[in-house]
Amino acid sequence: FITATDGNHGRGVAWTATTLGQKSVVHMPRGSAPERLHNIQAAGANADIIEGNYDDAVRLSRKEAAENGWVIVQDTSWEGYEEIPAWIMQGYGTMGSEALDQLEGYGVERPDLVILQAGVGCMAGAICAYIVNRYKENPPKIVIAEAAIADCLYQGAVANDGKYRIVDGDLQTIMAGLACGEPNILGWDILRNHV
């Protein structure tokens, strides 16, 4: 198995591969925390931090998967690669369910506003979809926060033509996992309609 990550996703892929008696390769973008790299390696992966950004790490993972016949387990999607990212998004939906159940336990019928961070938009799209489906009659306002230098979702929204946008460049932020210039097309489809 191979993936790109700045931490938790790669650690999960490494743990799962090791548990299944398989090997894993994890590429991390420049700026990833060394502690996260060590945690992924401790979970059994052959992991490294590359010189490029998150999108570069995804491209490298795609290339190596194609060259070696490996299974890529990535939380972003592109044309022809949508099934595994959809499963990952379904998993992220669990976070939305748990958070909203906790709020209801505190007597909050429904939030008025939900702010979601976004890199590629996988987690944000999944939580957004869960919220919109849970509160069909009166969904809360949903706002997406992303790094200004890596604002692919914002640029797609500003263009207002329904198409996603890709931003490039250094994309250097203090959160390597949010330095994403290429959106998850599944997440974009949800976010453009509900945010």
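The residue numbering used here restarts from 1 in each chain and proceeds along that chain's sequence as written. Reporting of local features is limited, given that this is a predicted model, to residues whose pLDDT is at least 70; pairs of side-chain atoms are given and counted only at 80 or more, and all residues count toward the totals for whole chains, interfaces and linings. To obtain the side-chain values, all non-hydrogen atoms of the structure were used and water was disregarded.

**Description of the environment of Asp-161**
What counts as a helix is a DSSP run of H or I of at least four residues, what counts as a strand is a run of E of at least two, and both are numbered from the N terminus. Inspection of the secondary structure assignment puts Asp-161 in the loop between helix 6 (152–159) and helix 7 (185–194). For Asp-161, a relative accessible area of 39% puts it in the partly exposed group. Spatially, the C-alpha atom of Asp-161 lies 20 Å from that of Cys-128, the residues being 33 residues apart in sequence. For Asp-161, the side chain forms a polar contact with the main-chain nitrogen of Lys-163, separated by 2.9 Å. Exposure classes here rest on a 1.4 Å probe applied to the protein chains alone. A residue is buried below 20% of its type maximum, exposed above 50%, and partly exposed in between. Here a polar contact means two N or O atoms within 3.5 Å. Within protein one must be a hydrogen donor candidate and the other an acceptor candidate, and residues neighboring in sequence count only if both atoms are side-chain atoms.

**Some thoughts on the nonpolar core**
Among the nonpolar cores identified, the biggest contains 42 residues, and Tyr-54, Ile-72, Leu-116, Cys-128, Ile-131, Ile-142 and Leu-153 are the most heavily contacted of them. Per-element tally for this core: the top contributor is helix 5 (residues 122–134), with eight residues. Dropping the residues within four chain positions of it, Ile-72 is found in contact with Ile-2, Ser-61, Arg-62, Ala-65, Trp-78, Tyr-81 and Ile-84. Joining through side-chain atoms within 4.5 Å is the link that ties buried Ala, Val, Leu, Ile, Met, Phe, Trp, Tyr and Cys residues into a set, and such a set is a nonpolar core. Between two residues, a contact is recorded if the distance between any of their heavy atoms is within 4.5 Å.

**Comments concerning the pattern of salt bridges**
We define a salt bridge as a side-chain nitrogen of Lys or Arg found within 4 Å of a carboxyl oxygen belonging to Asp or Glu. According to the stated counting rule, one finds nine salt bridges in the structure shown. The shortest N-O distance in the salt bridge between Asp-6 and Arg-36 comes to 3.4 Å. A residue pair is termed long-range when its members are at least 10 positions apart, and Asp-6 in the loop between strand 1 (2–4) and helix 1 (8–19) and Arg-36 in helix 2 (residues 34–42) qualify at 30 residues. For Asp-112, the salt bridge is made with Arg-110, and the minimal N-O distance between the two is 3.3 Å. Here Asp-112 falls in the exposed class, since its relative accessible area comes to 62%. Several salt bridges share partner residues, and in doing so they unite Asp-56, Arg-59 and Glu-182 into one network.

**Some points on the packing of aromatic side chains**
Here a pair means two rings of Phe, Tyr or Trp (six-membered ring of Trp) with centres within 6.5 Å. Their orientation is stacked below 30 degrees between planes, edge-to-face above 60, and tilted elsewhere. For the structure shown, the criterion picks out one aromatic pair. Between Trp-78 and Tyr-81, the aromatic rings sit 4.5 Å apart at their centres with planes inclined by 20°, giving stacked as the arrangement. Each member of the pair, Trp-78 as well as Tyr-81, carries the same accessibility label: buried. Looking at Arg-62, its charged tip hangs above the ring of Trp-78, at a distance of 3.9 Å from the centre. The criterion is that NZ of a Lys, or CZ of an Arg, lies within 6 Å of the ring centre and within 35 degrees of the ring normal, and then a charge sits over that ring.

**So, the packing of helix 5 against helix 7**
Axis definition: a line fitted to C-alpha atoms, limited for helices to the stretch in contact. Angles are taken between N-to-C directions and run from 0 to 180 degrees. At a minimum axis separation of 8 Å, helix 5 and helix 7 run at an interaxial angle of 50°. By the angle between their directions, the pair helix 5 and helix 7 is classed as oblique. Regarding helix 5 and helix 7, the two cross each other, and that crossing is left-handed. On helix 7, the residues that touch Ala-124, Gly-125, Cys-128, Ala-129 and Val-132 of helix 5 are Gly-187, Ile-190, Leu-191 and His-194. Roughly parallel means an angle under 35 degrees; roughly antiparallel means over 145; roughly perpendicular covers 65 to 115; every other angle is labelled oblique. Throughout, a crossing is termed right-handed when the near helix is turned clockwise from the far one, and left-handed when it is turned anticlockwise from it by less than a right angle.

**Re unusual backbone geometry**
Positioned with a positive phi, Asn-160 is a non-glycine residue whose angle comes to about 55°. Mapped onto the fold, Asn-160 is located in the loop between helix 6 and helix 7.

**Things to note about the sheet that holds strand 3 (residues 46–49)**
Between any two strands, pairing holds if DSSP finds at least two bridges. Taken in spatial order, the three strands line up as 1-2-3 in an open sheet, and their pairing is parallel. Either end of the sheet is taken by a strand with one partner, and the two such strands are strand 1 and strand 3. Strand-to-strand twist of the sheet, defined as the mean angle between neighbouring strand axes without regard to direction, takes the value 10°. Relative to strand 2 (residues 25–28), strand 1 is paired through three bridges, and the arrangement is parallel. Among the inter-strand pairings, Ala-4 is bridged to a residue of strand 2, identified as His-27.

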